[in-house]
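The residues making up each chain are set out below.
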Amino acid sequence: MSGLLAGKRLLVTGVITDASIAFSVAKLAQEAGATVVLTGFGRLSLVERIAKRLPQPAPVIELDVTNQEHLDGLAAKVREHVDGLDGVVHSIGFAPQSALGGTFLETPWEDVAQAVHVSTFSYKSLAVACLPLMDQGGSIVGMTFDATKAYPLYDWMGVAKAGLESASRYLAMYLGKHGIRSNVVAAGPLRTMAAKSIPGFSNFEDAYSQHAPLGWDLNDPEPTARAVCALLSDWFPATTGEMVHVDGGYHSRAA
């Protein structure tokens, strides 16, 4: 992938550990020639330590995507490190425990609202916050878990991901005039920190490992990261509003 992203300035959200998809994206992007800025939330010192494991240490900006002050100030903070952006990676999601695990019918609205705010609405919020930095156009890529189907125990996070996929299509429509593309990558299950919070995650693991036509490595985020980097590059200039599956072909099978 050497040179694929040469000269690109990227903002990557969602790095928590070096096993995360976002970390793999940041690593491959740097190796492909990009300048990367990261955002972190909560344990910022942890993200800063993880950032030092990249080929080139990357600056970390604090960002709570539900905090309007953080969003309003994001462009100025990014400009402290780069003079604009060519790409943005949205790798953010959260749902309270009551919104997962089979209690779909009992989950209160307050918890559903939090899941939708963090996992869905934030995609639009992040895009709008970064718009002043993308005057030359660019690419926004989100991470999903194919929400065209209902998965046992995934519950309201599945609904939030369906909203994310729809939000990406609407962003593609509204941001096209700015030369900005919006796409999502639907990854198969990976053993990330986020996955550990999903009850019954092993059910996903078994299904994909056993039935994906190309096979599926639960511990390797690189195929997913490669797809993200490709969408951030200039090699998909007319692709927007799309969902790209990186799941070993599992989604193509009949149930």
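Residues numbered from 1 in each chain as written. Predicted model: local features only at pLDDT ≥ 70, side-chain atom pairs only at ≥ 80, totals over all residues. Heavy atoms only, no water.

For the protein, an unreviewed UniProt entry supplies the name Enoyl-[acyl-carrier-protein] reductase [NADH] and the organism Actinoplanes derwentensis. A UniProt comment under Pathway (unreviewed entry) is attached to the protein, and it reads "Lipid metabolism." Quoted verbatim from the Sequence similarities (unreviewed entry) field of UniProt, the annotation for the protein is "Belongs to the short-chain dehydrogenases/reductases (SDR) family. FabI subfamily." (UniProt positions renumbered as here; feature names shortened; annotations may be inferred.)

Undergrad: Any chance you could explain the UniProt feature "binding site: NAD(+)" (unreviewed entry) in the protein here in plain terms?
TA: Look at the UniProt record and you will see "binding site: NAD(+)" (unreviewed entry) annotated at Gly14, Ser20, Ile21, Asp64, Val65, Ile92 and Lys161. Apart from residues lying up to four places away in sequence, valine 65 is in contact with Leu71, Ile92, His117, Val118, Ser122 and Ser125. The exposure class of lysine 161 is buried, given its relative accessible area of 9%. Residue contacts for lysine 161: discarding those within four places in its chain leaves Ile92, Met143, Thr144, Phe145, Ala147 and Tyr154. (Contact = heavy atoms within 4.5 Å. Buried < 20%, exposed > 50% of the residue type's maximum accessible area, 1.4 Å probe, protein only.)

Undergrad: Hey, could you run me through the pattern of salt bridges in this one?
TA: When the charged atoms of two side chains lie near each other, side chains of opposite charge can form a pair. All chains considered together, the criterion is met by 7 salt bridges. The partner of arginine 9 in a salt bridge is aspartate 86, and the shortest N-O contact between them spans 2.9 Å. With arginine 9 in strand β1 (residues 9-12) and aspartate 86 in the loop between α3 (68-79) and β4 (87-90), the pair connects residues that are 77 residues apart, well separated along the chain. Residue arginine 9 shares its accessibility class with aspartate 86, and that shared class is buried. Across the pair aspartate 18 and arginine 53 runs a salt bridge, and its minimum N-O distance is 2.8 Å. Linking aspartate 18 in the loop between β1 and α1 (21-31) with arginine 53 in the loop between α2 (44-51) and β3 (60-62), this pair joins segments that are 35 residues apart in sequence. One salt-bridge network, in which partners are shared between bridges, spans Arg9, Asp83 and Asp86. (Salt bridge = Lys/Arg side-chain N within 4 Å of Asp/Glu carboxyl O. Helix = DSSP H or I, 4+ residues; strand = E, 2+ residues; numbered from the N terminus.)

Undergrad: Before we go on, may I ask you to explain the nonpolar core in this structure?
TA: Soluble globular proteins tend to bury their nonpolar side chains together. In this structure, Leu5, Val15, Leu38, Val185 and Val228 are the most contacted members of the largest nonpolar core, which totals 51 residues. Of the residues forming this core, the biggest block, 7 residues, is contributed by α1. In this structure, Ala75, Val78, Leu171 and Leu175 belong to the second largest nonpolar core, which totals 26 residues. (Core = buried A, V, L, I, M, F, W, Y, C linked by side-chain atoms within 4.5 Å.)

Undergrad: How do you make sense of the sheet that holds strand β2 (residues 35-40) when you look at a structure like this?
TA: By definition, the strands of a sheet pair up through backbone hydrogen bonds, in either a parallel or an antiparallel sense. The strand order across the open sheet formed by 7 strands is β3-β2-β1-β4-β5-β6-β7, and the pairing between neighbours is parallel. Each edge of the open sheet carries a strand with a single partner, namely β3 and β7 (243-246). The average undirected angle you get between the axes of adjacent strands in this sheet is 20°. As defined by bridge partners, β4 adjoins strand β5 (residues 138-144) across 4 bridges and the pair is classed as parallel. Bridge pairing links valine 88 to isoleucine 140 in β5. Of the strands in this sheet, β1 and β3 touch α3, which is tilted by about 155° from β3. The strands touched by helix α8 (residues 222-232) within the sheet are β1, β4, β5, β6 (180-187) and β7, with β6 carrying the most contacts at an inclination of about 170°. (Pairing = 2+ DSSP bridges. Axes fitted to C-alpha atoms, helices over the stretch in contact; angles between N-to-C directions.)

Undergrad: Mind showing me how you'd approach the UniProt feature "binding site: substrate" (unreviewed entry) in the protein here?
TA: Taking the UniProt record as the reference, the feature "binding site: substrate" (unreviewed entry) is found at Ala95. Along the chain, alanine 95 turns up in the loop between β4 and α4 (109-130). Given the relative accessible area of 7%, alanine 95 is considered buried. Aside from chain neighbours lying at most four places away, what touches alanine 95 is Leu100, Ala115 and Met157.

Undergrad: Got a minute to help me understand the packing of aromatic side chains in this structure?
TA: The geometry of an aromatic ring pair is captured by two quantities: the separation of the ring centres and the angle between the planes. Enumeration over the complete set of coordinates arrives at 6 aromatic pairs. When the centroid spacing of 4.3 Å and the interplanar angle of 5° are considered together, the rings of phenylalanine 104 and tryptophan 156 count as stacked. One end of the pair, phenylalanine 104, is in the loop between β4 and α4; the other, tryptophan 156, is in helix α5 (residues 155-175), and 52 residues separate them in sequence. Relative to tyrosine 154, the ring of tyrosine 151 lies with its centre 6.4 Å away and its plane at 85°, an arrangement referred to as edge-to-face. Each of the two residues, tyrosine 151 as well as tyrosine 154, counts as buried. By the ring-pair criterion, three or more aromatic residues cluster together here, those being Phe145, Tyr151, Tyr154, Tyr208 and Tyr250. (Phe/Tyr/Trp six-rings, centres within 6.5 Å; stacked < 30°, edge-to-face > 60°.)

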